[in-house]
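Residue-level structure breakdown
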Amino acid sequence: MKLSGKNALVTGSDQGIGQGIALRLAQEGADVVVNYRKNQEGADATCEQIRQMGRRTAAVQADVGVTADARRLVEEAIAALGSLDILVNNAGIEKNASFVDITEEDYHAVIAVTMSGAFFCTQSFARHRQDVKGGGRVINISSVHEELPFPHFTPYCMAKGGLKMMMRNLAIELAPLGITVNNVAPGAIETPINKKLLSDPKLLEPLLANIPLRRLGQPSDVAGVTAFLASADADYITAATIVVDGGLLWNYSEQ
Ligand code: BGC
């Protein structure tokens with residue numbers, strides 16, 4: 001097992017990609033704190049599966065888009081497991097709205113949860129790792145949209161692009177503390193964030209046509225790479241984005 005003796009926090013791990021990551025880290029031997037905003041049932045189900053693997057776990061309610069909550073989440077995770085070695089910033093939301101129509105409220109909500117949440121969780125985590133002088137791992141779940149335009153999702157793209165530059169900056173700034181910082185950039189993964197799109201063949205077919213591997217990704221596709229980045233196999237990797245998208249980002253062809 002790659003992560004025996006390690007303690008991890010995964011934000012937004014009550015469902016979707018975050019849940020898949022929490023389970024995979026536990027499978028690799030880590031103890032894992034699960035975080036949720038509203039879906040306590042999903043968080044409890046994730047914890048139950050982690051316990052069945054013989055690992056320690058706890059579910060912590062916190063809206064990472066609220067700075068005080070993000071800080072409390074990291075503190076409660078440290079209190080629950082004794083310390084934290086690995087932080088996975090996964091929580092994110094998107095709103096489908098044209099630039100001219102999107103409301104101020106939705107703009108701020110997307111930026112707060114998707115970008116600022118990662119910022120303040122990482123700040124609390126880095127302070128903790130500085131105190132214990134033990135190095136650490138930060139892995140942000142960004143998106144192909146840290147690079148790729150996505151009309152009608154401008155705040156989401158801004159937040160993911162922000163995560164890209166936060167990752168690059170912190171990889172340099174936190175290197176003296178032995179903390180590596182990397183991004184995993186999923187493409188179209190089958191999760192609740194995509195529910196509407198996935199249930200509408202008119203939307204799903206053109207999306208699949210854009211994916212060279214011709215299938216949606218699964219949370220486990222993203223979780224495996226995240227476990228790798230959290231492990232000793234990735235000791236020398238920092239400031240990198242690993243794209244997990246079936247070829248979507250760089251797809252181009254001419255007839
Ligand atoms: C978004 C999905 C989208 C996918 C591919 C993800 O970041 O959350 O809504 O389908 O990128 O464009």
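For clarity, every value in this text was computed on a predicted model and none was experimentally measured. (Residues numbered from 1 in each chain as written. Predicted model: local features only at pLDDT ≥ 70, side-chain atom pairs only at ≥ 80, totals over all residues. Heavy atoms only, no water.)

**Here we look at the packing of aromatic side chains**
For the structure on display, the rule yields two aromatic pairs. Aromatic side chains F119 and F120 sit 4.9 Å apart centroid to centroid with 70 degrees between the ring planes, which places their arrangement in the edge-to-face category. For F119, a relative accessible area of 41% corresponds to the partly exposed category. For the pair F150 and F153, a centre-to-centre distance of 4.0 Å together with 10 degrees between the ring planes defines the contact as stacked. (Phe/Tyr/Trp six-rings, centres within 6.5 Å; stacked < 30°, edge-to-face > 60°. Buried < 20%, exposed > 50% of the residue type's maximum accessible area, 1.4 Å probe, protein only.)

**Regarding the pattern of salt bridges**
Applying the stated criterion across every chain yields a total of 11 salt bridges. Salt-bridge contacts for R72 lead to E76; the nearest nitrogen and oxygen are separated by 3.3 Å. One end of the pair, R72, and the other, E76, are both in helix α3 (residues 67–81), four residues apart, so they sit about a helical turn from each other. Residue classification places E76 among the partly exposed residues on the basis of a relative accessible area of 35%. (Salt bridge = Lys/Arg side-chain N within 4 Å of Asp/Glu carboxyl O. Helix = DSSP H or I, 4+ residues; strand = E, 2+ residues; numbered from the N terminus.)

**Brief notes about the side chain of S231**
Among the structural elements, S231 can be located in the loop between α8 (219–230) and β7 (241–244). A distance of 2.7 Å separates a polar side-chain atom of S231 from the backbone oxygen of F228. Among residues more than four places away in sequence, those in contact with S231 are K2, L3 and R137. (Polar contact = N/O pair within 3.5 Å; in protein donor to acceptor, adjacent residues only side chain to side chain. Contact = heavy atoms within 4.5 Å.)

Scope: geometric values only; no functional claims are made or implied.
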